[in-house]
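# Notes for the structure review
Okay, here's what each chain looks like letter by letter:
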Amino acid sequence: VPAMVDGEGAMTVQLFESNVIVRYLCARYSPGVLYPAALATRFDAERWMDWQQTTLNPAGRDAFLQLVRTPSAERNATKIATSIAAMEPLLTLLDQHLAQRSYMQGEQFGMADIPLACEVHRWWGLPAADYQRPHYPHIERWFASLLARPAARGVLDLVIE
């Protein structure tokens with residue numbers, strides 16, 4: 001379970017929920033950069049973070065659980081097919097969004113890129129023998145740019161087993 005403690009004494013902040021932790025860390029340690037100062041930019045980022053959590057993650061959950069965490073003999077093909085069918089139009093939407101910009105919030109890496117990158121990493125990690133993902137050129141370009149960031153090493157380049 002993602003959990004975080006920051007600060008000491010009366011200034012201690014204890015949080016759980018991964019997107020809340022991302023928001024807090026960006027606001028606390030990178031205001032105006034990772035955490036946008038402009039309200040329109042900030043709430044666009046918030047929108048995409050909520051979309052990741054409430055729409056994208058649930059759509060891909062069953063395929064991930066079935067193809068990565070469930071033994072082959074116990075897999076439910078209907079759950080996998082339904083999950084893939086739900087995920088592909090969402091990835092098309094994300095690809096279209098990224099066709100117009102380098103990162104989720106525009107031309108600068110920001111807080112919305114973090115949870116979406118984790119979600120894409122999970123989806124890209126589905127076994128190729130079980131799922132042949134379509135080509136999403138703008139997601140692929142964006143994800144490659146995130147993989148090139150030093151902070152992504154040891155996280156987004158891990159192979160899901």
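Structure report, in brief. (Residues numbered from 1 in each chain as written. Predicted model: local features only at pLDDT ≥ 70, side-chain atom pairs only at ≥ 80, totals over all residues. Heavy atoms only, no water.)

### Structural notes on the environment of Asp 95
Locating Asp 95 in the fold gives a position in helix 3 (residues 77–99). With relative accessibility at 9%, the residue Asp 95 sits in the buried group. Residues Asp 95 and Tyr 136 lie 41 residues apart in sequence; the distance between their C-alpha atoms is 6.0 Å. Setting aside residues no more than four positions away along its own chain, Asp 95 makes contact with Tyr 136, Pro 137, His 138 and Ile 139. (Helix = DSSP H or I, 4+ residues; strand = E, 2+ residues; numbered from the N terminus. Buried < 20%, exposed > 50% of the residue type's maximum accessible area, 1.4 Å probe, protein only. Contact = heavy atoms within 4.5 Å.)

### Some details on the pairing of strand 1 (residues 3–6)
Only one face of strand 1 is buried: it carries Met 4 and Asp 6, and the other face, with Ala 3 and Val 5, is open. The sheet contact formed by strand 1 and strand 2 (residues 13–16) spans four bridges and is antiparallel. Directly across from Val 5, in strand 2, lies its bridge partner Gln 14. With antiparallel pairing between neighbouring strands as the criterion, strand 1 and strand 2 make up a hairpin whose turn holds six residues, including Gly 7 at a positive phi of roughly 90°. (Pairing = 2+ DSSP bridges.)

### Structural notes on the environment of Ala 77
Within the element layout of this structure, Ala 77 appears in helix 3. Exposure remark for Ala 77: the relative accessible area of 59% places this residue in the exposed category. Sequence separation between Ala 77 and Leu 67 is ten residues; the distance between their C-alpha atoms is 9.6 Å.

### Some remarks on the state of the cysteines
By definition, a disulfide links two cysteine residues through a covalent bond between their sulfur atoms. Applying the stated criterion to the full structure yields zero disulfides. Not engaged in a disulfide, the cysteine Cys 26 finds its nearest cysteine sulfur in Cys 118; these two sulfurs lie 12 Å apart. With a relative accessible area of 4%, Cys 26 lands in the buried category. Cys 118 gets classed as partly exposed once you look at its relative accessible area, which sits at 41%. (Disulfide = S-S within 2.5 Å.)

### Let's talk about the layout of surface pockets
Of the volumes computed, that of the largest pocket is approximately 380 Å³. Surrounding the largest pocket, 15 residues form its lining, Ser 18, Gln 52, Asn 57, Cys 118 and Glu 119 being those nearest its centre. Where the lining of the largest pocket is concerned, the elements lending two or more residues are helix 1 (18–29), helix 2 (39–69) and helix 4 (113–124). Roughly 240 Å³ of internal volume is contained in the second largest pocket. As for the second largest pocket, its lining consists of Phe 109, Asp 113, Ile 114, Ala 117, Cys 118, Leu 146, Arg 149, Ala 151, Ala 152, Val 155 and Leu 156. Counting residues per element, the lining of the second largest pocket draws most heavily on helix 4, at four residues. (1 Å grid on protein atoms, 1.4 Å probe; cavity = no way out; pocket = protein on both sides within 12 Å on 5 of 7 lines; lining within 4 Å. Points joined across faces, edges and corners; volume = space filled by probe spheres on them.)

### Topic: the nonpolar core
Ranked by internal contacts, the top residues of the largest apolar core, which has 39 residues, are Trp 123, Ile 139 and Trp 142. Looking at this core, the element that brings in the most residues is helix 2, giving ten residues. With near-sequence residues (within four places) excluded, Trp 123 lies in contact with Gly 60, Ala 63, Ser 83, Ile 84, Met 87, Leu 91 and Tyr 131. (Core = buried A, V, L, I, M, F, W, Y, C linked by side-chain atoms within 4.5 Å.)

### A look at helix 4
Side chains that are three or four residues apart share a direction in an α-helix, a result of its 3.6 residues per turn. Across its twelve residues, helix 4 extends 16 Å between first and last C-alpha, which sits within 8% of the 16 Å expected from 1.5 Å per residue. Within helix 4, ten of the twelve residues are buried, which leaves the element mostly enclosed by the surrounding structure. Buried residues of helix 4: Asp 113, Pro 115, Leu 116, Ala 117, Glu 119, Val 120, His 121, Arg 122, Trp 123 and Trp 124, and no others. The inward-facing, buried residues of helix 4 contact helix 1, helix 2, helix 3 and helix 5 (137–147). (Expected span 1.5 Å × (residues − 1).)

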